[in-house]
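A closer look at the structure
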Amino acid sequence: MPLFLPHFNLQKLNTLAVPAIADYFVAVHNDSELREALAFSRTENLPHLLLGGGSNIVLQSDFPGVVIQLKSQGKELIAEDENFVWLKVSAGENWHQLVEYTLAEGFYGLENLSLIPGSVGAAPIQNIGAYGVEVKDLISELTALEIRSGLTVNFTNESCRFGYRDSIFKHTLKDQYVITSVTFCLAKTPRPNLSYPALQHALAGVEKPTPQAISDAVIAIRSEKLPDPALIPNVGSFFKNPIISTGQLSVLRSKYPDIVSYAVNEDSAKLAAAWLIDRAGWRGKTADGAQVHVQQALVLTNPQHLYGSAVLALAKRVQDSVYAEFGVSLEMEPRVYP
Ligand code: EPU
């Protein structure tokens, strides 16, 4: 039986450093402990909350239920051929430590995703992405425990319905499954992705950069722009980059010639939310005790370690002002509980 700790302060377990209290906290190390924790919350008639690295969650207030942290560890090479390996990794593994492990083993593909906070099991839920790569490009399948039945189910890459910062686990199957392992298909020979301009720039002059050099460059860029959650509490990008029609983009461009956008397809384009927030005058501003980060306007920080409701109040002000100025709605990226 795993240990259930009553009246537990979650501050050290969420990167926004919200001092929310859970009725119970339990760390689980395998599927049977996970089943026991879920059974406990069912018997006690309490809601549960699954926690990985706590780096993409906003705790508005105390959590009146059972917080379950996945701590399962393990990596297993389950198949290989001439060009690829298939590596099955437990959900509780730390994301960046996995990236470092794969580089040391000579398994390539995750290098652009270096230094992203969080756990392996959480990565597919929001399809983490950075510097031209999304984790969906490397996932072959995953296993998840169905909460209602207690059964373990396999999901192919396709059945996860991945999209930009999105998957089926945020929609139809929200809160119905716990991801317990992820299988990655990684290349044995480097296949560098230098499509992202800032990465190209950082590696200019380096001939045939190795995956390790790419990882080092990504770490350098991230460290410069994004605040270290251990020092300044944050959850990375607070909003998704909004996708708008090319028609709306041309209207906006005629008024704001330097607006930053990326083509998605013939009909739509993605706007840099950071640019919109910055241009609306929010970069570096404080309101409701929370702050818009001065080096990257897409990041909201919680320097006073307040409840998530304070950060959400700032987020609402930012959303309202961006909508008033540009007519564009910003969708929040992290998940909000309770
Ligand atoms: N910009 C501003 N003001 C700012 C910051 C940026 O005008 O304060 C402009 C920049 O000049 C740049 C543009 O906005 O032209 C985009 O900025 P950046 O390249 O830093 O990327 P982003 O769109 O802000 C996205 C991801 C990040 C990911 C980077 C790199 C989303 C929501 N965010 O940020 O992901 O690391 O690209 O690929 O898609 C995360 O999801 O938590 C995250 C950090």
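Residues numbered from 1 in each chain as written. Predicted model: local features only at pLDDT ≥ 70, side-chain atom pairs only at ≥ 80, totals over all residues. Heavy atoms only, no water.

Re the domain arrangement of the chain
Our working rule: The start and end points of each domain follow an automatic or database-based domain assignment. Working rule for contacts: check all heavy atoms of both residues, and any pair within 4.5 Å makes them a contact. Joining two parts hides part of their accessible area as seen by a 1.4 Å probe, and the buried area is that hidden amount summed over both. Salt bridges are counted wherever a side-chain nitrogen of Lys or Arg sits within 4 Å of a carboxyl oxygen of Asp or Glu. Identification of polar contacts relies on pairs of N or O atoms within 3.5 Å, with a donor-acceptor requirement for protein atoms, meaning one able to donate a hydrogen and the other able to accept it, and with residues adjacent in sequence counted only if both atoms are side-chain atoms. The secondary structure listing takes helices from DSSP runs of H or I that are at least 4 residues long and strands from runs of E that are at least 2 residues long, numbered from the N terminus.
Taken as a whole, the chain is organised into domain 1 (5-70), domain 2 (75-224) and domain 3 (228-337). Distance from the C-alpha centre of domain 1 to the C-alpha centre of domain 2: 25 Å. The interface of domain 1 with domain 2 comprises 12 residues on the first partner and 13 residues on the second. Between domain 1 and domain 2 lies a buried interface of about 950 Å² when both sides are counted; carbon and sulfur atoms form 62% of it. Where domain 1 packs against domain 2, one counts zero salt bridges. Along the contact surface separating domain 1 from domain 2 lie five residue pairs in polar contact (both at pLDDT 80 or more). Broken down by secondary-structure element, the contributors of at least two residues to the side of domain 1 that touches domain 2 are helix H1 (31-43) and strand S3 (48-51).

So, the layout of surface pockets
Defined as follows: In the cavity and pocket records, a cavity denotes points on a 1 Å grid over the protein atoms alone where a 1.4 Å probe fits but cannot get out, a pocket denotes an open set with protein on both sides within 12 Å along at least 5 of 7 lines, and lining residues are residues with an atom within 4 Å of a point. Grid points are joined across faces, edges and corners, and a volume is the space filled by probe spheres set on the points. Ten residue types, Ala, Val, Leu, Ile, Met, Phe, Trp, Tyr, Cys and Pro, are classed as nonpolar, four, Asp, Glu, Lys and Arg, as charged, and the remainder, Gly among them, as polar.
The calculated volume of the second largest pocket comes to roughly 180 Å³. Together, 14 residues line the second largest pocket, and Tyr108, Gly109, Asp137, Leu138 and Arg191 are the ones closest to its centre. Among the elements that take part in the lining of the second largest pocket, strand S12 (residues 177-187) stands out by supplying three residues, more than any other. Residues belonging to the lining of the second largest pocket are distributed by class as follows: seven nonpolar, four polar and three charged.

Details of the environment of leucine 51
To be explicit about the condition: Burial classification: accessible surface area is computed with a 1.4 Å probe over protein chains only, and a residue below 20% of its type maximum counts as buried, one above 50% as exposed, and the rest as partly exposed.
Tracing the chain through its elements places leucine 51 in strand S3. Relative accessible area serves as the criterion here: at 5%, leucine 51 is assigned to the buried category. Look past the residues within four positions of leucine 51 in its chain and what remains in contact with it is Leu13, Ile57, Val67, Ile68, Gln69 and Leu70.

A word on unusual backbone geometry
Here the residue pair tyrosine 337 and proline 338 is connected by a cis peptide bond, since its omega of -10 degrees sits within 30 degrees of zero. With respect to the element layout, proline 338 can be found in the segment after strand S20 (335-337). Look at aspartate 175: it is not a glycine, yet its phi comes out positive at around 60 degrees. Inspection of the secondary structure assignment puts aspartate 175 in the loop between strand S11 (152-156) and S12. Accessibility expressed as a relative area gives 43% for aspartate 175, which makes it partly exposed. Look at histidine 305: it is not a glycine, yet its phi comes out positive at around 55 degrees. Looking at where histidine 305 falls in the secondary structure, it is placed in the loop between strand S19 (299-301) and helix H7 (308-326).

Observations regarding the pairing of strand S7 (residues 84-90)
Applied cut-off: A strand pair is defined by DSSP finding two or more bridges across the two strands.
When strand S6 (residues 75-80) meets S7, the two strands line up antiparallel, connected through five bridges. Within S7, the residue paired with leucine 77 across the bridge is leucine 87. The hairpin formed by S6 and S7 contains three residues between the paired strands. Relative to S12, S7 is paired through seven bridges, and the arrangement is antiparallel. Among the inter-strand pairings, leucine 87 is bridged to a residue of S12, identified as phenylalanine 184.

Topic: the nonpolar core
To keep it simple, the criterion reads: What makes a nonpolar core is a set of buried Ala, Val, Leu, Ile, Met, Phe, Trp, Tyr and Cys residues whose side-chain atoms join them at distances within 4.5 Å.
Core analysis: the largest hydrophobic core is formed by 47 residues, its most contacted members being Phe238, Phe239, Leu276, Ile277 and Val318. Per-element tally for this core: the top contributor is H7, with seven residues. Residue contributions to this core reach at least three from each of two domains, namely domain 1 (5-70) and domain 3 (228-337). If we ignore the near neighbours within four places in the chain, the residues touching valine 318 are Phe239, Ile277, Trp282, Val292 and Leu330. Ranked by size, the runner-up nonpolar core spans 41 residues in total, among them Trp95, Ile116, Ile168 and Val218.

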